[in-house]
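Read off the chains here:
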Amino acid sequence: PNERLKGQTAIVTGSSSGIGAAVALALGRDGANVVVNYNSSDEGAQEIAKQINDDNLCGEAIVVKCDVSKEEDVQNMFKQTIDKFGTVDILVANAGLQKDAPLHEMTLEDWQLVIDVNLTGQFLCAREALREFMRRGMRPEVSKSLGKIIHMSSVHQIIPWAGHTNYAASKGGLVMLMESICQEYAPLKVRCNSIAPGAIKTPINKEAWESDEALEKLNKLIPYKRIGVPDDIGSATAWLASDESEYINGTTLYVDGGMTCYPGFTTNG
Ligand code: NAD
């Protein structure tokens, strides 16, 4: 535990499971109040909020249901957060999903769902966060920045992914969303960055790690030779949300065990 986020409030979308849950816990441990957002698993979200609330060193947590692809839901989530905690200092736009298919068989519905949640959802949340940061103004007693936006992207914002074109396109879109937000709002002291996880052990990619065979195949893609765990992303996100990383803006932090160094091209064994 560390008090670097004390007095700040964070919204973490899709935090009833996986990476989002680990991020919510990490921010809570560093003293932030946390909005644990879910769309489908109320139980998972309640459990994460309980863990934060049961720990005296942590900030306070509340659970808010919201489908990030719906404008009204997102606006409601921000309203509930501001009603409870007064403002929002940190947004971690993490909610995301996959709907895989070979492109020639992909339905418009499958394409649209992934773009709606992974890209439009992050736009809607970032827009509300910016509106709140600008309404509220600087709070030098808690942070040197007006506010922090962290987009949960993926190594597939740069590594093409056959059979997952909608997903890769959504994450590729996040690069320009994030960098354009930085260019537009950094003069107001907003920080906007992305985290690009490699392969992290969560429900989204179960088939890639549930058997020894699958894990061995996966490790061929990871120079560091282990699958990531949600806490790897939680700790990176807490640091990126804190003033310790104050001068980092418009950057993608790859947390991938070296996956983006393309180990398939190793030529010396
Ligand atoms: P996950 O399935 O456990 O988490 C995704 C969360 O988003 C779930 O809790 C889900 O309910 C929620 N969600 C889905 N649609 C939503 C909506 N419309 N509104 C609100 N919440 C919604 O998987 P995860 O691996 O923890 O994924 C979290 C993020 O990390 C995603 O953006 C994913 O693309 C990204 N990511 C994951 C990996 C990995 O290897 N696990 C790698 C790169 C990027």
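Starting from 1, residues in each chain are numbered consecutively following that chain's sequence as written. Side-chain atom pairs in this predicted model are given and counted only at pLDDT of 80 or more, local residue features only at pLDDT of at least 70, and totals for whole chains, interfaces and linings cover all residues.

## Brief notes about the overall build of the protein chain
Thinking step 1. Helices and strands together make up the secondary structure of the protein chain, namely 7 helices and 7 strands.
Thinking step 2. Numbering goes from the N terminus for both helices and strands, where a helix is a DSSP run of H or I of at least four residues and a strand is a run of E of at least two. When the helices and strands of the protein chain are listed from N to C terminus, the series reads β-α-β-α-β-α-β-α-β-α-β-α-α-β.
Thinking step 3. Relative to a compact globule of 269 residues, whose C-alpha radius of gyration would be 18 Å, the protein chain shows 18 Å and is just as compact.
Thinking step 4. C-alpha atoms of the protein chain, sized along the principal axes, occupy 50 × 40 × 40 Å.
Thinking step 5. Relative to its full complement of 269 residues, the protein chain shows a buried share of 47%.
Thinking step 6. Residue pairs qualify as contacts under a 7 Å threshold applied to their C-beta atoms, which are placed from the backbone. Counted over contacts in the protein chain with a minimum sequence separation of 6, partners at least 24 positions apart contribute 73%. In this description the radius of gyration comes from C-alpha coordinates, and the expected globular size is given by 2.2 Å times residues to the power 0.38. Think of it as a crowd count around each C-beta: if 20 or more other C-beta atoms lie within 10 Å the residue is buried, if 12 or fewer it is exposed, and in between it is partly exposed, with C-beta placed from the backbone throughout.

## Focus on the packing of helix α4 (residues 108–136) against helix α5 (residues 165–185)
Thinking step 1. Angular values range over 0 to 180 degrees, each being the angle between N-to-C directions of two axes fitted as lines to C-alpha atoms, with helices fitted over their stretch in contact. The N-to-C vectors of α4 and α5 enclose an angle of 15 degrees; their axes lie 9 Å apart at closest approach. Classed by the angle they form, the pair α4 and α5 counts as roughly parallel. In the crossing of α4 with α5, the sense of the turn from one axis to the other is right-handed. From α4, D110, W111, V114, I115, N118, L119, Q122, F123, A126 and L130 reach across to α5, where they touch N166, Y167, S170, K171, G173, L174, L177, I181 and Y185.
Thinking step 2. Side-chain classes are defined by residue name, with Ala, Val, Leu, Ile, Met, Phe, Trp, Tyr, Cys and Pro counting as nonpolar, Asp, Glu, Lys and Arg as charged, and the others, Gly among them, as polar. Classifying every residue of the contact of α4 with α5 by side-chain character gives 12 nonpolar, 5 polar and 2 charged. Should an angle fall under 35 degrees it is taken as roughly parallel, and over 145 as roughly antiparallel, whereas 65 to 115 is taken as roughly perpendicular and any remaining angle as oblique. Should the near helix be turned anticlockwise from the far one by less than a right angle, the crossing is termed left-handed; should it be turned clockwise, right-handed.

## What about the environment of V117?
Thinking step 1. Mapping V117 onto the fold places it in helix α4.
Thinking step 2. Judged by local crowding, V117 falls into the buried class, with 22 C-beta atoms found within 10 Å.
Thinking step 3. Ignoring any residue separated from it by four or fewer positions in sequence, one finds V117 in contact with V68, S69, A95, G96 and L97.

## Considering the site of the ligand
Thinking step 1. Placing a C-beta atom from the backbone of each residue, we mark the residue near a molecule or strand if the atom is within 6 Å of it. For the ligand, the set of nearby residues contains 27 residues, the closest of which are G14, G18, A95, G96 and I204.
Thinking step 2. Within the residue set of the shell around the ligand, elements represented by two or more residues are α1 (18–29) and α4.
Thinking step 3. The element that contributes the greatest number of residues to the shell around the ligand is α1, accounting for 3 residues.
Thinking step 4. For the shell around the ligand, the per-class residue count stands at 11 nonpolar, 15 polar and 1 charged.

## Some words on the sheet that holds strand β3 (residues 61–65)
Thinking step 1. Only strands joined by at least two bridges in the DSSP assignment are considered to pair. Pairing within the open sheet is parallel, and its 7 strands lie in the order β3-β2-β1-β4-β5-β6-β7. Edge strands, defined here as strands with exactly one partner in the open sheet, are β3 and β7 (252–255). Taking each pair of neighbouring strands and ignoring which way they run, the sheet shows an average axis angle of 20 degrees.
Thinking step 2. The pairing of strand β5 (residues 147–152) with strand β6 (residues 190–197) spans 6 bridges and is parallel. Directly across from G147, in β6, lies its bridge partner V190.
Thinking step 3. In the packing of α4 onto the sheet, contacts are made with β4 (90–93), β5 and β6, and the angle to β4 comes to roughly 175 degrees.
Thinking step 4. Against the sheet, α5 contacts β5, β6 and β7, and its axis sits at roughly 160 degrees relative to β6.

## Considering the nonpolar core
Thinking step 1. Among buried residues, those of type Ala, Val, Leu, Ile, Met, Phe, Trp, Tyr and Cys that are joined through C-beta atoms within 7 Å form a set called a nonpolar core. Ranked by size, the top nonpolar core spans 70 residues in total, and within it A10, V12, A24, L27, V34, V36 and L91 carry the most contacts.
Thinking step 2. For this core, the element with the most residues is α4, which contributes 9 residues.
Thinking step 3. When sequence neighbours within four positions are dropped, the list of residues in contact with V36 reads V12, S15, S16, A24, A45, I48, A49, A61 and V63.

## Regarding helix α7 (residues 230–241)
Thinking step 1. The span you would expect from a helix comes to 1.5 Å times its residue count less one. The first and last C-alpha atoms of α7 sit 16 Å apart over 12 residues, in line with the 16 Å expected at 1.5 Å per residue.
Thinking step 2. Of the surrounding elements, those touching the buried residues of α7 are β1 (9–12), α1, β4, β5, β6 and β7.

## Re the environment of G264
Thinking step 1. In this fold, G264 is placed in the segment after β7.
Thinking step 2. The class of G264 is exposed, set by 6 C-beta atoms lying within 10 Å.
Thinking step 3. Taking the C-alpha atoms as reference points, G264 and G86, separated by 178 residues in sequence, lie 50 Å from one another.

## Side note on the pairing of β4
Thinking step 1. Across the two faces of β4 the burial is the same, with I90 and V92 and L91 and A93 all buried.
Thinking step 2. As judged from the 4 bridges shared by β4 and β5, these two strands associate in the parallel manner. Bridging from a neighbouring strand, L91 pairs with I149 of β5.

## Considering the UniProt feature "domain: Ketoreductase" (unreviewed entry) in the protein chain
Thinking step 1. Per the UniProt record, "domain: Ketoreductase" (unreviewed entry) is annotated on residues 8–203.
Thinking step 2. Secondary structure within residues 8–203 divides into 46% helix and 17% strand; the distance between the first and last C-alpha atoms comes to 29 Å. UniProt positions are given in the numbering used here, feature names are shortened, and annotations may be inferred rather than shown by experiment.

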